[in-house]
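Observations on chain architecture
What follows is each chain in one-letter form.
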Amino acid sequence: MISILHCSYSQAPFGPPFAIIQGTLEAQGTTFKKIPTEECPYIRRGSVAWVGSGPEFFISLADHQEWKKAYTVFGSVLPEDMEIAEKIAQLPTKSDVWNNINVSVLEKPVPLVVQRLDGWGNLNTNVKSD
């Protein structure tokens, strides 16, 4: 299950503050193994990237070239699904402070399903066909 948190930045078009939706990827009863950091492309609208070495991640709602190549991008939101991410960013939030940073946290976490696509953009269902 992925619990989505809404972090914000007052100057960002979707936000407040960083125009991202942040969450954590955790499996019940499984310890998360740190992911090695890689130099990846610039963060663009729809990029899904690790915060540090995980399990926290974020979905970018805007381009962030100012972050250079500081995050490991491991996925992307399909263009037709970005409207859903924007709707998540509009859900009711409550204020909190994380490491001296003011954030907005969703009042109710949103569970998401993650699916892997093959190199051609086809959904990998791990189902064998004849």
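The residue numbers shown here count from 1 along each chain, following its written sequence. Predicted model: local features are reported for residues with pLDDT of at least 70 only, side-chain atom pairs are reported and counted for 80 or more only, and whole-chain, interface and lining totals are derived from all residues. To get the side-chain values, all heavy atoms of the structure are used, and hydrogens and water are removed first.

Here we take up the pattern of salt bridges. A pair can form between side chains of opposite charge whenever their charged atoms are brought close. Each salt bridge in this description consists of a side-chain nitrogen of Lys or Arg and a carboxyl oxygen of Asp or Glu lying within 4 Å of one another. The tally for this structure, following the rule as stated, stands at 2 salt bridges. Residue Lys87 pairs with Glu83 through a salt bridge whose shortest N-O separation is 3.4 Å. Of this pair, Lys87 and Glu83 both sit in helix 1 (residues 82-89), 4 residues apart, which is roughly one turn of the helix. Burial classes: relative accessible area under 20% of the type maximum marks a residue as buried, over 50% as exposed, and values in between as partly exposed (1.4 Å probe, protein chains only). Note on Lys87: relative accessible area 52%, which makes it exposed. Exposure remark for Glu83: the relative accessible area of 49% places this residue in the partly exposed category. Helix and strand definitions follow DSSP, with helices as H or I runs of at least four residues and strands as E runs of at least two, each counted in order from the N terminus.

The share of residues in the protein with pLDDT of 70 or more is 70%, and the mean pLDDT across the chain is 74. For every residue, the predictor reports its confidence as pLDDT, a number between 0 and 100. Ranking the elements of the protein by mean pLDDT puts strand 1 (residues 2-7) last, at 46, and strand 3 (residues 47-50) first, at 90.

For helix 1, the full list of buried residues reads Met82, Ala85, Glu86, Ile88 and Ala89. Buried residues of helix 1, seen end-on, are gathered within an arc of 155 degrees and therefore sit on one face of the element. It is the directions from the helix axis to the C-beta atoms whose arc is reported.

This part is about unusual backbone geometry. Glycine aside, negative phi is the norm for most residues, and most peptide bonds take the trans geometry. The omega torsion across Gly54 and Pro55 is 5 degrees, close enough to zero to call that bond cis. Locating Pro55 in the fold gives a position in the loop between strand 3 and strand 4 (56-60).

Once that is clear, we can look at the environment of Ile59. Along the chain, Ile59 turns up in strand 4. Counting along the chain gives 13 residues from Ile59 to Gly46, while the straight-line C-alpha distance between them is 6.1 Å. Every residue pair with non-hydrogen atoms within 4.5 Å of one another is taken to be in contact. Residues in contact with Ile59, not counting those within four places in the same chain, are Ala19, Ile20, Ile21, Ser47, Val48 and Val77.

Glancing now at the pairing of strand 2 (residues 20-25). On a regular strand, one side chain projects to one face of the sheet and the next to the other, so that they alternate. Of all 6 residues making up strand 2, 5 are buried, and the element is well covered by its neighbours. A pair of strands counts as paired when DSSP detects no fewer than two bridges linking them. Inspection of the sheet shows strand 2 paired to strand 4 by 5 bridges, in the antiparallel sense. Paired with Ile21 across the bridge in strand 4 is Ile59.

Take Thr72: it is sitting in the loop between strand 4 and strand 5 (73-76). Beyond its immediate sequence surroundings of up to four residues, Thr72 is in contact with Pro36, Thr37, Glu38, Cys40, Val48, Ala49 and Trp50.

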